[in-house]
Amino acid sequence: VGTLRSVGTLTLDVETRRARVGHREVELTAREAALLELLMRRPNAVVTRELALQELWDDDATLGVVDRYVGFLRSKLGDGVEIRTVRGVGFTLVA
């Protein structure tokens with residue numbers, strides 16, 4: 001049994017990288033799952049792009065990569081999960 005995190009209708013099994021939105025299961029890449037877990041650890045709080053880079057990427061990555069992966073998460077998770085952009089700062093997972 002993996003480590004589960006839940007925020008609202010969203011559940012993430014950190015070990016298997018499977019997310020569930022309501023009754024729909026979504027498979028994530030390792031990087032997508034790590035970013036989602038970071039957002040889920042701080043629901044309704046801003047996760048800065050810099051923090052995400054520091055925790056999830058190596059020194060060669062740029063801030064734009066965080067935006068790209070948030071876009072991937074939004075596409076995969078759908079309308080049941082809101083990841084709000086905080087302009088010029090980062091992102092918030094709305095609980």
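For the structure itself, consult the block above.
These lines cover the structure that appears in this document, whether it is placed above or below.

Cut-offs applied
Residues numbered from 1 in each chain as written. Predicted model: local features only at pLDDT ≥ 70, side-chain atom pairs only at ≥ 80, totals over all residues. Heavy atoms only, no water. Helix = DSSP H or I, 4+ residues; strand = E, 2+ residues; numbered from the N terminus. Buried < 20%, exposed > 50% of the residue type's maximum accessible area, 1.4 Å probe, protein only. Pairing = 2+ DSSP bridges. Axes fitted to C-alpha atoms, helices over the stretch in contact; angles between N-to-C directions. Contact = heavy atoms within 4.5 Å.

## What about unusual backbone geometry?
One non-glycine residue with positive phi stands out, namely Arg17, at about 60°. As for its position among the elements, Arg17 is in the loop between strand S2 (10-13) and strand S3 (18-21). Note on Arg17: relative accessible area 36%, which makes it partly exposed. Residue Asn44 is not a glycine yet carries a positive backbone phi of 65°. Its place among the elements puts Asn44 in the loop between helix H1 (30-41) and strand S5 (47-48).

## Here we look at the sheet that holds S3
In spatial order, the strands read S1-S2-S3-S4; together these four strands make up an open sheet with antiparallel pairing. At either end of the open sheet lies a strand with only one pairing partner, and these are strand S1 (4-7) and strand S4 (24-27). The average angle at which neighbouring strand axes cross in this sheet is 20°, direction not considered. Two strands pair when backbone bridges link them, and S2 and S3 are joined in this way by four bridges, in the antiparallel orientation. Residue pairing for S3: Thr11 is matched across the bridge by Arg20. Sheet strands in contact with H1 are S1, S2 and S3, and its direction is about 125° off that of S2.

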